[in-house]
Amino acid sequence: MKFSEIISDENMSFEEMTAERDKLKVMSRSEKAKLSSEELAGRETKENPILSVERQKKNIASIAKMLVNGHAGYEQFDEGSKRTFEKEIERLYNGADKEVDTKSFVASLGNVFLKMPDNHLQIRDSNGNSLFHEAVEPSVGKNVEDKAKYSFTTKEVNGQKVGVVALPDLGSVAAPQWAQFAKDFEKARFDENGNENWDSIIIDARGMPGGNSAPMEFLARSLYGNEVRSCDKETHRDTKEADYLRYINKDITEKEYKDRMANHKYTGKNVVSLDSSNHPKDFPAFVNGGYNRPINMLIDRGLASAGESLYSMMKDHPGVTFIGERTNGCCTEGSAKEYVADCGYGIKLATRHNLYKEGVVEKKGFAPDIDVSGKNAFNYTIANLDKINSKSIAKINNYKIPDGYNKLKDLPITQNDMTYIRGVRDGYPIDVVKGLYDPLNKEDGKAQKWEKLLDFAKNGKQVEAQTKLKKLSNTSVKPPKLKSKACGVGSKGQKLASIKARIENISNPTKSEGKGQKNIDSNVASIASNAKKTR
């Protein structure tokens, strides 16, 4: 059977696909977090049944059709990759002639996905583990921090105080610790009088695999001194399959989804949903403080996903220099929940396609300003610090905030904001979600933007007029259980990943001035209080 026939409505309709998926008992990440490792292992064993030839073909057709029609970036894939995928699907579909166990079947699909230009395109088991992921071998040395998720130290170099901000695993810091990260960073950065402690900063982001972009946004906003964006433009596919993925991921409301299914005429094209391409002009650096000194960010092939969003958020800072090698190129994404196939495994499909001024980034990555492949990036930076920083200082000195920018511009909803929106749509108490957003409200326009986010989360429409702040309480929804153990690697604290999948990405940033310390302390206490109430 040809590929076009395999994914045709006659072979597998959209209604059949979604009905098969919705019949499955799909465990949420919060449900999985309640299971012991033994229970998870037992569940995995039960999920390795023998698949008939018919079920194999049904799975192949369903997954292929959902990917081709639903993946946000499939239309932007190069023709060679698409042809490879089609031929591989034909081979698997037509070659299914005997029963196989589920894991062997999934392995065959996983190997096909590895050939596609989307590093997020993966199959996951019931434990949430990504399978068949290509090994990454960076060549510019390991992160200076090998134990904690993040650390701040001060190093004396040629009479200068250099702040070393090491971020080997910042993306796995869970929601209750976002404000703590903000507090720790500002305590390290400022003295008791609010003065800068560091003459320059080295951000060691080597090996950071991704996760939640919330603490990345805080760090970037603190140093940039204004709004930041994780991409320049964002698109989604105008198809039924894409709407289904957007719906299960809380990108659109149930009402929007049903209305579109009933009334919308789908084009199959990519539609621009968010446009931040004017960001440097509309939100220039240093308007709300920021760090107007040299910043050297160390990058490598291990830097991926949310880690790469830190690169994107920082790239318009006039004093930043990226040192190392190309990043991973794992950027086109948006899905927090997988499309779960009949075989019981989740397929991670992108709901949003990110566009950058640099062009195609997927599997290519972002390039460094200084390529030191084969050398230790940290040692190189320290050895050449004066030379590198002198160029950064010149750029900063020549930088001017443009006249006439609109500081109180109607702030657009961006990818960064989807974290809060998903949290509200997922049933989290609004005051808990707002507690994580509150550190942003110190800046002009942010209180009004919260109203917009809340309206968008509830109604799916971006309101133009600003309305009176709504009462931010929701006692009708049972809060999630927030276990407040440390987030050490391998600890139970990592199950905070199930603040409903790290609250499906709720952002945290806070203002970068030392004066904000008191507000941050207050916010930490507020979140801790909320966590205590929900146990």
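Residues numbered from 1 in each chain as written. Predicted model: local features only at pLDDT ≥ 70, side-chain atom pairs only at ≥ 80, totals over all residues. Heavy atoms only, no water.

A. Looking closely at the overall build of the chain. In terms of helices and strands, the chain carries 20 helices and 15 strands. Within the chain, buried positions represent 55% of all 535 residues. At a minimum sequence separation of 6, the contacts of the chain that also span at least 24 residues come to 81%. (Helix = DSSP H or I, 4+ residues; strand = E, 2+ residues; numbered from the N terminus. Buried < 20%, exposed > 50% of the residue type's maximum accessible area, 1.4 Å probe, protein only. Contact = heavy atoms within 4.5 Å.)

B. Spotlight on the side chain of E362. Mapped onto the secondary structure, E362 falls in the loop between β14 (353-355) and β15 (370-371). K363 provides the closest opposite charge to the buried, unpaired E362, separated from it by 7.8 Å. In terms of polar contacts, E362 uses its side chain to reach the backbone amide nitrogen of N119, at 3.1 Å. Non-local contacts of E362, meaning those with residues more than four positions away in its chain, are made with P117, D118, N119, H120, G329, C330, C331 and T332. (Lys, Arg positive; Asp, Glu negative; His and termini not counted. Salt bridge = Lys/Arg side-chain N within 4 Å of Asp/Glu carboxyl O. Polar contact = N/O pair within 3.5 Å; in protein donor to acceptor, adjacent residues only side chain to side chain.)

C. Local environment of the sheet that holds strand β9 (residues 270-275). An order of β9-β8-β14 is seen for the three strands of this open sheet, with the pairing classed as antiparallel. Only two strands of the sheet have a single neighbouring strand rather than two, namely β9 and β14. Going from strand to strand, the sheet's axes swing by 30 degrees on average, the running direction of each strand aside. (Pairing = 2+ DSSP bridges. Axes fitted to C-alpha atoms, helices over the stretch in contact; angles between N-to-C directions.)

D. Spatial organisation of the nonpolar core. Counting residues in hydrophobic clusters, the biggest one holds 45 residues, and the most contacted among them are L167, I203, L219, L223, M297 and L310. Here this core gets seven residues from one element, more than from any other, and that element is helix α9 (residues 214-224). For L167, the residues in contact, after removing those within four places along its chain, are N143, K149, Y150, F181, I203, D204, A205, M208, L219 and L310. With 39 residues, the next largest nonpolar core counts V106, L109, Y244 and L245 among its residues. (Core = buried A, V, L, I, M, F, W, Y, C linked by side-chain atoms within 4.5 Å.)

E. Region of the structure containing the pairing of strand β6 (residues 160-166). In terms of burial, β6 is largely enclosed, as five of its seven residues are buried. Inspection of the sheet shows strand β5 (residues 151-157) paired to β6 by seven bridges, in the antiparallel sense. Across the sheet, S151 pairs through a bridge with A166, a residue of β6. Taken together, β5 and the strand that follows it, β6, pair antiparallel across an intervening segment of two residues, in which N158 is found at a positive phi of about 50 degrees. Examined bridge by bridge, β6 and strand β7 (residues 200-204) share five bridges and lie parallel to one another. Looking at β7, one finds that V165 is bridged to I203.

F. Geometry of the environment of E99. Note on placement: E99 falls in the loop between α6 (79-95) and β2 (100-101). Judged by relative accessible area, which is 57%, E99 ranks as exposed. Residues E99 and E54, 45 residues apart in the sequence, show an inter-C-alpha distance of 9.1 Å. Residues contacting E99, with those up to four places away along its chain left out, are I50, L51, S52, V53 and Q56.

G. The arrangement of the packing of helix α5 (residues 53-70) against α6 in detail. Taken N-terminus to C-terminus, the directions of α5 and α6 make an angle of 165 degrees; their axes are 10 Å apart at the nearest point. One element, α5, and the other, α6, form an angle in the roughly antiparallel class. Between α5 and α6 the crossing geometry is left-handed. Between α5 and α6, the residues in contact are K57, I60, A61, A64, L67 and V68 and F85, I89, L92 and Y93, respectively. (Parallel < 35°, antiparallel > 145°, perpendicular 65-115°, else oblique. Left-handed = near helix turned anticlockwise from the far one by under 90°.)

H. Representation of the environment of V372 within the structure. Tracing the sequence through the fold places V372 in the loop between β15 and α14 (377-383). Residue V372 is classed as buried on the basis of its relative accessible area of 3%. Distance from V372 to I323, taken between C-alpha atoms, is 7.0 Å for residues 49 residues apart in sequence. Each residue touching V372, except ones within four places of it in the same chain, is listed here: V140, I323, G324, A377 and Y380.

I. Region of interest: the packing of aromatic side chains. For the structure on display, the rule yields 19 aromatic pairs. Ring geometry for F185 versus W198: centroids 6.4 Å apart, planes at 55 degrees, classification tilted. Residue F185 is located in helix α8 (residues 178-189), and its partner W198 is located in the loop between α8 and β7; the two are separated by 13 residues in the primary sequence. Ring geometry for Y420 versus Y437: centroids 4.8 Å apart, planes at 85 degrees, classification edge-to-face. In this pair, Y420 is assigned in helix α16 (residues 418-425) and Y437 in helix α17 (residues 430-437), connecting sequence segments 17 residues apart. The exposure classification of Y420 matches that of Y437, with both residues buried. Taken together, Y150, F152, F181, F185, W198 and F218 form an aromatic cluster joined through their ring pairs. (Phe/Tyr/Trp six-rings, centres within 6.5 Å; stacked < 30°, edge-to-face > 60°.)

J. Seen up close, the pairing of strand β11 (residues 320-324). The buried fraction of β11 amounts to five of the five residues, a majority that puts the element mostly inside the structure. Across the two faces of β11 the burial is the same, with V320, F322 and G324 and T321 and I323 all buried. Pairing of strand β10 (residues 295-299) with β11 involves five bridges; the strand directions are parallel. Pairing of I295 across the sheet is with V320, part of β11. Regarding topology, helix α13 (residues 306-314) serves as the crossover connection from β10 to the parallel β11, and that connection is right-handed. (Right-handed = clockwise from strand over helix to strand, strands pointing away.)

K. Expanded view of the packing of helix α10 (residues 240-248) against helix α11 (residues 254-263). In contact at an axis separation of 10 Å, α10 and α11 are set at 170 degrees when each is read in the N-to-C sense. Taken together, the axis directions place α10 and α11 in an arrangement best described as roughly antiparallel. Judged by residue contacts, K240, D243, Y244, R246 and Y247 of α10 engage E254, Y257, R260 and M261 from α11.

L. Fine view of the pattern of salt bridges. Using the criterion set out here, one finds 24 salt bridges in the structure. Where E234 meets R352, a salt bridge forms, and the shortest distance between an N and an O atom there is 3.0 Å. One end of the pair, E234, is in strand β8 (residues 233-237); the other, R352, is in the loop between β13 (346-348) and β14, with 118 residues separating them in the sequence. Of the residues examined, R352 reaches a relative accessible area of 7% and is grouped as buried. Linking D417 and K449 is a salt bridge whose minimum nitrogen-to-oxygen distance equals 2.8 Å.

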